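One-letter residues, chain by chain:
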Amino acid sequence: MPPAPEGAGSTARALRIGATLVLAGLAALGCRAVHLPLPWMLGPLLATAALGVAGVPVMASVRLRNLGLALIGVGLGLHFSPDVAALILRIAPAIVLGVLWALLLGYLFYRVLHRLHGGDRATCFYAAAIGGASEMALLAERAGGRVDRVAAAHSLRVLLVVTLVPLTLQAFGVHGDEASATAATAVRLPGLPGLAALAVGAAAGVVLLQRLKAPNPWVLGPLLATLLPCAAGLELSALPPGASAFGQMALGVALGTRFTPAFAQAAPRWLAAVAAGTLAMLVVSAGYGWLLGRAAGLPAATAVLATTPGGIAEMAITAQVLQLGVPVVTAFQVVRYIAVLTLMPALFALELRLRP
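For every chain, the first residue of its written sequence is number 1, and the numbers climb from 1 along that sequence. For this predicted model, a pLDDT threshold of at least 70 governs which residues receive local features, and a threshold of 80 or more governs which side-chain atom pairs are given and counted, while totals over whole chains, interfaces and linings are taken from all residues. For the side-chain quantities, the full set of heavy atoms in the structure was used; hydrogens and water were omitted.

Novice: Would you mind showing me how to read the overall build of the chain here?
Specialist: Helix and strand definitions here come from DSSP, where helices need a minimum of 4 consecutive H or I residues and strands a minimum of 2 consecutive E residues; each element is numbered from the N-terminal end. Broken down by element type, the chain carries 17 helices and zero strands. To get the radius of gyration, use the C-alpha atoms; to get the globule rule, take the number of residues to the power 0.38 and multiply by 2.2 Å. For the chain, the C-alpha radius of gyration of 20 Å lies close to 21 Å, the compact-globule estimate for 356 residues. Overall size of the chain, expressed as C-alpha extent along the three principal axes, is 60 × 55 × 45 Å. Summary of the burial criterion: residues with accessible area below 20% of their type's maximum are buried, those above 50% are exposed, and those between are partly exposed, where the area comes from a 1.4 Å probe applied to protein chains only. When the 356 residues of the chain are sorted by exposure, 50% land in the buried category.

Structural data, given as structure tokens:
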């Protein structure tokens, strides 16, 4: 067989990525036509996940995903006006309680998974933790756990959370509160100089966090680079029309392409336990968020979304589209993400000492 022409692999890859984006765009338009919430994320996510499980070779672009995450980070940072920054400081105790709740919830889920499956505690521990999929899979690998099961558990959890939470909120007619109205005052439009400042700041934030080996630099770098000047009262540009939709679509495709035939065929009992545990966590977290919101003086829907066991970008985008206190939800999710990532290795070591 003659060798493949030089560049044939890259051409085929580009065609697969392009075809996946076209399908994702059509799915988004379909979801928009039937008035589903978050159509630009849910449509691509569900379409690529279904096609991937069916064996269709869908593919995501890492560069487009990173660009989409950066746009999401910038968009979230624009909501942090000085008034919103003061609000975040006032509710700091509630944010701490949100972190403690996430740690407790993850530990209880771990105990259930370990009781059901036994054996490998590292796999159960990091699969149950409410953190990022890639980060928890890496920690599990270092502890001798099964990376495939941990990654599958987190992918399934995020899929369920991202799908069920917006649909449930829409079914109950939840949309908008005073916290989101306060946040909106931080978004300005001084023109191209402001856009250039956003782009430079976002790029600098990504580079800095990458050099510091910080997790999730493509979201946290642009978020912090935009949040800090906005919280100080500086007026920056709003994002161009369509930027948020592109970011959501890139994120949806990146999440959906994790699902393959191998994912569907591997350890069905494990996946069933993860799905049942995720549904249970959503229910009890909704109750806890409602109680926390009442105690902290936050709108109930915002507090529920802030304590939902999802990811930073996914939950913040849900809050942004439904106008549910974007800065509050973002603050809860970011602090929880960093705390879980930082504390998990020490907590797992403690678990091994207490339960040898």
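Read on, since the account is not over.
Novice: I would appreciate a short explanation of the nonpolar core in the present structure.
Specialist: Within soluble globular proteins, side chains that are nonpolar generally end up buried alongside one another. The set of buried Ala, Val, Leu, Ile, Met, Phe, Trp, Tyr and Cys residues whose side-chain atoms join them within 4.5 Å is what this entry labels a nonpolar core. Counting residues in each nonpolar core, the largest one holds 87 residues, and the members touching the most others are Ile91, Leu113, Tyr126, Met136, Phe332 and Met344. Considering each element in turn, this core owes the most residues, twelve residues, to helix H17 (residues 326-354).

Novice: Explain the packing of aromatic side chains here, please?
Specialist: For any two aromatic rings, the description comes down to two numbers: the centre-to-centre distance and the angle of the planes. Stacked, tilted and edge-to-face are the three classes assigned to paired rings of Phe, Tyr and Trp, where Trp is represented by its six-membered ring and a pair needs centres within 6.5 Å; plane angles under 30 degrees give stacked, over 60 edge-to-face, the rest tilted. The full count for this structure, using the stated rule, is six aromatic pairs. Among the aromatic residues, those joined into a ring-pair cluster are Tyr107, Tyr110, Phe125, Tyr126 and Phe348.

Novice: Would you take a moment to explain a nonpolar patch on the surface for this structure?
Specialist: Note on patches: the residues involved have over 30% relative accessible area and no salt bridge, like charges join within 9 Å, and the nonpolar side chains Val, Leu, Ile, Met, Phe, Trp and Tyr join within 5 Å. What sets the accessible areas is the Shrake-Rupley method with a 1.4 Å probe; for residues, cover comes only from the shown protein chains. A side-chain nitrogen of Lys or Arg and a carboxyl oxygen of Asp or Glu constitute a salt bridge if their distance falls within 4 Å. On the surface, a cluster of nonpolar side chains totalling about 370 Å² of accessible area is made up of Val22, Leu23, Leu26 and Leu29. Counting through the fold element by element, leucine 29 comes out in helix H1 (residues 8-33). Taking relative accessible area as the criterion, leucine 29 reaches 45% and is therefore assigned partly exposed.

Novice: Before we go on, may I ask you to explain the packing of helix H3 (residues 62-77) against helix H11 (residues 217-231) in this structure?
Specialist: Angle between the axes and distance between the axes are the two parameters that describe a pair of packed helices. In contact at an axis separation of 7 Å, H3 and H11 are set at 25° when each is read in the N-to-C sense. Considered as vectors, H3 and H11 are oriented roughly parallel to each other. For the pair H3 and H11, the crossing hand works out as right-handed. In contact with Asn66, Leu69, Ala70, Gly73, Val74, Leu76 and Gly77 of H3, H11 contributes Trp218, Val219, Pro222, Leu223, Thr226, Leu227 and Cys230. Throughout, the ten residues Ala, Val, Leu, Ile, Met, Phe, Trp, Tyr, Cys and Pro are labelled nonpolar, Asp, Glu, Lys and Arg are labelled charged, and all others, Gly among them, are labelled polar. Among the residues making up the contact of H3 with H11, the classes are represented as ten nonpolar, four polar and no charged. The axes are straight lines fitted to the C-alpha atoms, using for helices just the contacting stretch, and the angles between their N-to-C directions are given from 0 to 180°. With respect to orientation, any angle under 35 degrees is reported as roughly parallel, any angle over 145 as roughly antiparallel, any angle of 65 to 115 as roughly perpendicular, and every other angle as oblique. In a left-handed crossing the near helix is turned counterclockwise from the far helix by less than a right angle, and in a right-handed crossing that turn is clockwise. Two residues qualify as a contact provided that any one of their heavy atoms is within 4.5 Å of a heavy atom in the partner residue.

Novice: Would you mind showing me how to read helix H8 (residues 147-171) here?
Specialist: Helical geometry note: an α-helix holds 3.6 residues per turn, so side chains three or four residues apart project in the same direction. Here the expected span of a helix is defined as 1.5 Å times the quantity of residues minus one. An ideal rise of 1.5 Å per residue puts 36 Å on 25 residues; H8 measures up with 36 Å between its terminal C-alpha atoms. Looking one or two places after H8, you find glycine 173, whose phi comes out positive at around 70°.

Novice: Whenever I open this one, the packing of helix H6 (residues 121-128) against H17 confuses me. Can you help?
Specialist: At their nearest, the axes of H6 and H17 sit 11 Å apart, and the two run at 140° to each other. Compared by their axis directions, H6 and H17 come out oblique. Helix-helix and strand crossings are classified by hand; for H6 and H17 the assignment is right-handed. Contacts between H6 and H17 pair Arg121, Ala122, Phe125 and Tyr126 from the former with Met344, Pro345, Leu347, Phe348, Glu351 and Leu352 from the latter. In the contact of H6 with H17, the residues fall into eight nonpolar, no polar and two charged.

Novice: Can you walk me through the confidence of the model for the chain in this structure?
Specialist: Do not read the fine detail of predicted coordinates wherever pLDDT is low. Chain-level pLDDT for the chain is 85 on average; 92% of the residues reach the 70-or-more range. pLDDT: the predictor's confidence for each residue, scored from 0 to 100. Counting interchain partners and residues more than four positions distant, the pLDDT-below-50 stretch residues 1-6 has zero contacts. Low confidence marks residues 178-187, where pLDDT is under 50. Its contacts with residues over four positions away, or in another chain, come to 20 contacts.

Novice: Sorry if this is basic, but what is going on with the environment of arginine 63 here?
Specialist: Within the secondary structure layout, arginine 63 lies in helix H3. Separated by 133 residues in the primary sequence, arginine 63 and alanine 196 have C-alpha atoms spaced 20 Å apart.

Novice: How should I be thinking about the pattern of salt bridges in this particular structure?
Specialist: Oppositely charged side chains can form a pair if their charged atoms are brought close together. Tallying each qualifying case throughout the model produces three salt bridges. A salt bridge links arginine 111 to glutamate 351, with the shortest nitrogen-to-oxygen separation between them at 3.7 Å. Remark: glutamate 351 occurs in helix H17 and arginine 111 occurs in helix H5 (residues 92-117); sequence separation between them is 240 residues. A relative accessible area of 24% means that arginine 111 is categorised as partly exposed. Close ionic contact of arginine 146 with aspartate 148 constitutes a salt bridge, the shortest N to O distance being 3.0 Å. Judged by its relative accessible area of 40%, arginine 146 is partly exposed. Overlapping salt bridges, with partners in common, bring together Arg111, Arg121 and Glu351 in one network.

Novice: Help me understand the side chain of histidine 154, please; the structure alone is not making it clear to me.
Specialist: Locating histidine 154 in the fold gives a position in helix H8. In the analysis that follows, any N or O atom pair within 3.5 Å is treated as a polar contact, provided that within protein one partner can donate a hydrogen and the other can accept it, and provided that, for residues neighboring in sequence, both atoms belong to side chains. At 2.7 Å, the side chain of histidine 154 and the backbone oxygen of tyrosine 126 are in polar contact. When neighbours within four sequence positions are excluded, histidine 154 is seen to be in contact with Tyr126, Ala127, Ala129, Gly131, Ala133 and Met136.

Novice: Can you help me understand the side chain of threonine 20 in this one?
Specialist: As for its placement among the helices and strands, threonine 20 is situated in helix H1. Aside from chain neighbours lying at most four places away, what touches threonine 20 is Thr48, Val58, Met59 and Val253.

Novice: Would you explain the environment of alanine 301 in this entry?
Specialist: Tracing the sequence through the fold places alanine 301 in helix H15 (residues 300-306). The class of alanine 301 is buried, set by a relative accessible area of 19%. In this structure the C-alpha to C-alpha distance between alanine 301 and valine 274, which are 27 residues apart in sequence, comes to 25 Å. Those residues in contact with alanine 301, other than ones at most four positions away along the chain, are Val174 and Leu324.

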